Amino acid sequence: MRAIVTFHALWLVSERDASARRETFSPTKNLLAGINETGKSRVLKHMVWTLGCEPAARNAGSWDSNITAATELSIGSKKYIFLRSGRHQRAAFDADGKLVIGTESAKVWTKFFVELFDFPLKLQRQQEGLFGLAGPEYAILPFYIDQEGGWSRRWAAFSGLGKFLRWEPIVFEAFTGLRPQRYFLAQLRRDEIDYKLREAKIQARLQSKAFEQVSAMLPESRATLDEHVFANELRELADRAAALSKEEDEIRSALVEAVEDRQIKVAELQMVMRAEEDLVGDLAYLSKIPDEGQLTCPTCGQVHDSSFRAKVELATDAEDAHQLVISVRSQLASVQNREQDLRAKLQAVSSSLNELRVLMAREREGTTVGDIIAAKSRTTLEQAYDRTKRDLSAQIDEFKVERDALQAELAGLTEKGREKQVRNEFKDELNAYADRLGISKAEIGPVKIGARPGAKASGSSSPRIYLAMHMALLALNRRYGNGPAFPFMVDTPRQQGLDDANTAKLLDTIYTHAPSHQVFVANESVPQGWTPPEGCKVIPFVRKRQLLRTEEYKDGVAALEPLVTQMLAAIEAEREAKAQAEQAEGEEEHLIVLPSDSEEVDDADDAGELA
C-alpha cells in the first residue's frame, strides 16, 4: 500500500520580524494567486522544506533564514506535523503533538524519512563512490516544479541533487515502474559489489607493490638461527643497553648540575674579586690622608673624619675579602674536578654503547646479527603477505560469485515487453498532454524517461513541455510506480508572457487531468474569464514582500512553542549522546578527542523566543 501524502496547513513564524502566517489548504485543488514578490512561491517552498528538501532560492532577498515552519499533513489516514527551524533543526510529531523524532543530523532525518514514506532507494555518491539513501529531494522531485529551477533544461528544483552519480535514470525508472522494485534493489547490490570488487583488486595490487618495495629494501640473506638462543642473546643485549642508557641519563643529569654549580662559582668568584679590589683601592686612598684629617665625599658632599681606627677596620675588611676569594677559588676547583670526572664517566658509557653496536655487526660463523635479523624480517614479511594475499583472493572470489548471481537475477527481472510498454505509454501520455496544452509535437522531440526536453521548443512552449513531461511521469507513476505519492505542486506555470487564454487552458489541464490526488498551483493571477473548478481553494496574495503578518505572531508562537521545546530537548540529548560516544572512542584509543562541530549543528540556538 503506497503512502498518499496530503498537505493540510502551513505555519511560518519569524522571531526576527515578529510576524507569522498560517494557511490552510483544500485536500484536492489549491490556487495561490498573486503578483510577483507576494510570497506564494515561499509557501510552496517551505512545505517541501519542512520535509527535508532544499528548494532553490528559498532565502532570497531579506527573508529570515532562521524562520520556523510547520506543515500539517497526513500519510494515508495518519496525521503528522513536520517542523523545521533554521538550517538543520528538524522534527516530526504525531496528531497529538507528541514527538516522533527530533534531530539536527541530515543522515538521521533521511533514514526517518525513508522508513516513514517507504522510499528505500539508494544511489552512488559522487565523492567516495559509496552508496547512500536518496532522501526527500529525490522522492518529491517528480511532483514539484519550482519557479527558479523547475522550468530549466536540467533538474534544478533542489540544491543538493548533484551529490549522487547518474541518479536520473534510476530515480525515474523506479518512479515510473519501468522495472519492478526488486530490480533496483538487486541493481543496487550489484553496483555495491562492483565497487567492493574494484576496491579489493586495487588493494591486492597495492599489497603486491608494497611487498616488492619492502623486499627490495631488505638485504639478501640466507642466514638461519636458533630462535630461542637468538632471543636470549637479544634479551641480554637489550638489558645491557637499558642499563647503560639508565646510567647515561643519570650521569648527564649529574653533569648538568655540575656545570650549573661551576657557572655559579665563577660568578661568585668574580663578585668577591671585585669587592676585594674595591676595598684595597679604598685603603690605599685612605692611607694618604693624615689621621684626624677630613675627607669630603665626592658623591654626596658630606665631610667625614679620617681616623686610625677607620683605617684598621678597612684593612680588616680587605683581608676578609681576600680570604673569601681564596675559599671560592677552592670551591670552583672542586666543582671543575667533579665535572671532569662526570665527563670521563659519560665518555666511558658512550664507548660501552658503541661496543654493543659493534657486537651487533660482528660476524659469527660468517653471519652477522644484522643478517639474521634481515632473514627473520624477510620470513615474517613473506608470511604476512601470503596470509593477506590469500584473504584478499578469497574475498575477491566471493564478490565475483555474488556479482554473477545478481547479474543473473537482473537478467531474469528485465522484462523487455514491460519496458517497451512503459516507454510507449510515456510517449503517448506526453503527446496527449501536449495536445491539451497546445504544443506542436515537432517542438517536443524525443524525450527519454528522466531526461529533460531539448532545445527545439521556443517561447511559451518550453515551460508547457516541462509541465506535460511531469504530468506524463505522474500518469505512469500512478499506473505502475511504487513509493510515496505527494501532491503535485506547480510554481508559476505562466512563463514567458503567456496570455490569459493559454493560461486558462493550462490551468484547466492541470486541475482536470493531473493524475494527482492534491494539486497546488502558484500563479500571478486568476485569468480573466476563467472560473476555478469545483472544490478549488483560491488563496490570494496581495502585499509585496509582506507574506508574514504581525497580527498572527502571538498565535504562531503559541502554536509552535510546545513543538519547538520538544525538538530542542531531543537535539540536546542527541548532542550529549554523540559527545559521550566520541569520548568513549577517545578513551579506547588513549586519546583526548573533543566533539567537533558537524555540518548539522550550525543553528543550535535557532528558534529563539519559540524555545
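Cut-offs applied
Residues numbered from 1 in each chain as written. Predicted model: local features only at pLDDT ≥ 70, side-chain atom pairs only at ≥ 80, totals over all residues. Heavy atoms only, no water. Axes fitted to C-alpha atoms, helices over the stretch in contact; angles between N-to-C directions. Helix = DSSP H or I, 4+ residues; strand = E, 2+ residues; numbered from the N terminus. Parallel < 35°, antiparallel > 145°, perpendicular 65-115°, else oblique. Contact = heavy atoms within 4.5 Å. Nonpolar A, V, L, I, M, F, W, Y, C, P; charged D, E, K, R; others polar. Buried < 20%, exposed > 50% of the residue type's maximum accessible area, 1.4 Å probe, protein only. Salt bridge = Lys/Arg side-chain N within 4 Å of Asp/Glu carboxyl O. Expected span 1.5 Å × (residues − 1). Pairing = 2+ DSSP bridges. Core = buried A, V, L, I, M, F, W, Y, C linked by side-chain atoms within 4.5 Å. Phe/Tyr/Trp six-rings, centres within 6.5 Å; stacked < 30°, edge-to-face > 60°. Lys NZ or Arg CZ within 6 Å of the ring centre and 35° of its normal.

**Regarding the packing of helix H4 (residues 167-176) against helix H11 (residues 461-480)**
Phase 1: Look at H4 against H11: their axes get within 7 Å of each other, and the N-to-C directions meet at 55°. Taken together, the axes of H4 and H11 are oblique relative to one another. Contacts between H4 and H11 involve Phe172, Phe175 and Thr176 from the former and Leu473, Leu474, Leu476, Asn477 and Tyr480 from the latter.
Phase 2: Tallied by class, the residues present in the contact of H4 with H11 amount to 6 nonpolar, 2 polar and no charged.

**Some details on unusual backbone geometry**
Phase 1: Non-glycine residue Ala57 carries a positive phi angle of around 55°.
Phase 2: Within the secondary structure layout, Ala57 lies in the loop between helix H1 (40-49) and strand E4 (68-75).
Phase 3: Look at Ala57 and you get partly exposed, because its relative accessible area is 39%.
Phase 4: Phi angles above zero are rare outside glycine, and Arg545 is one such case at about 55°.
Phase 5: Structurally, Arg545 is set in the loop between strand E17 (536-540) and helix H13 (553-588).
Phase 6: Arg545 sits in the exposed class, given a relative accessible area of 63%.

**What to know about the pattern of salt bridges**
Phase 1: Taken as a whole and judged by the stated rule, the model has 18 salt bridges.
Phase 2: With its nearest N and O atoms 3.3 Å apart, the salt bridge here joins Lys265 to Glu268. Taken together, the positions of Lys265 and Glu268, both in helix H6 (residues 227-287) and 3 residues apart, correspond to about one turn of that helix.
Phase 3: A residue is classified by how much of its surface remains accessible, and Glu268, at 28% relative accessible area, is partly exposed.
Phase 4: Put simply, Glu339 and Arg343 hold a salt bridge, and the shortest N to O gap is 2.9 Å. Taken together, the positions of Glu339 and Arg343, both in helix H7 (residues 308-361) and 4 residues apart, correspond to about one turn of that helix.
Phase 5: Given a relative accessible area of 7%, Glu339 falls into the buried group.
Phase 6: Taken together, the shared-partner salt bridges in this structure form one network comprising Glu104, Glu572 and Arg575.

**Things to note about H11**
Phase 1: Helix length check: H11, at 20 residues, gives a terminal C-alpha distance of 28 Å against a target of 28 Å (1.5 Å per residue), a fit within 8%.
Phase 2: The buried count for H11 comes to 18 of 20 residues, which makes it a mostly enclosed element.

**Regarding the pairing of strand E7 (residues 99-103)**
Phase 1: As paired strands, strand E6 (residues 89-94) and E7 are joined by 4 bridges and run antiparallel to one another. Residue pairing in the sheet places Arg90 in a bridge with Thr103 of E7.
Phase 2: Linking E6 back to E7 in an antiparallel pair, the connection comprises 4 residues, with Gly97 at a positive phi of about 80°.

**Structural notes on the environment of Ala559**
Phase 1: If you trace the backbone, Ala559 turns up in helix H13.
Phase 2: By relative accessible area, which is 35% here, Ala559 ends up partly exposed.
Phase 3: Remark: the alpha-carbon pair of Ala559 and Val13, spanning 546 residues in sequence, is separated by 9.9 Å.

**Quick word on the nonpolar core**
Phase 1: Formed by 94 residues in total, the largest nonpolar core has its most connected members in Trp167 and Leu467.
Phase 2: For this core, the element with the most residues is H11, which contributes 12 residues.
Phase 3: Apart from the residues lying within four places of it in its own chain, the contact partners of Leu467 are Ile145, Trp151, Leu437, Phe488, Val490, Leu506 and Ile510.
Phase 4: Counting residues in hydrophobic clusters, the runner-up holds 16 residues, among them Ala70, Phe93, Tyr553 and Leu568.

**What to know about the packing of aromatic side chains**
Phase 1: Counted under the stated rule, the structure contains 18 aromatic pairs.
Phase 2: Aromatic side chains Phe82 and Trp109 sit 5.8 Å apart centroid to centroid with 90° between the ring planes, which places their arrangement in the edge-to-face category. Highlighted residues: Phe82 in strand E5 (residues 78-85) and Trp109 in helix H2 (residues 106-117), separated in sequence by 27 residues.
Phase 3: Judged by its relative accessible area of 0%, Phe82 falls in the buried class.
Phase 4: Look at Trp109 and you get buried, because its relative accessible area is 1%.
Phase 5: Summarising the aromatic geometry, the rings of Phe113 and Phe117 are spaced 4.5 Å apart at their centres and angled 35° between planes, so their arrangement reads as tilted. In this pair, Phe113 and Phe117 both sit in helix H2, 4 residues apart, roughly one turn of the helix. For the pair shown, Phe113 and Phe117 are each scored as buried.
Phase 6: An aromatic cluster is built from Tyr80, Phe82, Trp109, Phe112, Phe113, Phe117, Phe143, Phe175 and Phe486, whose rings are joined through pairwise contacts.
Phase 7: Against the face of Trp49 rests Arg58, its NZ or CZ located 3.9 Å from the ring centre.
Phase 8: The side chain of Arg436 reaches across the aromatic face of Tyr433, ending 5.2 Å from its centre.

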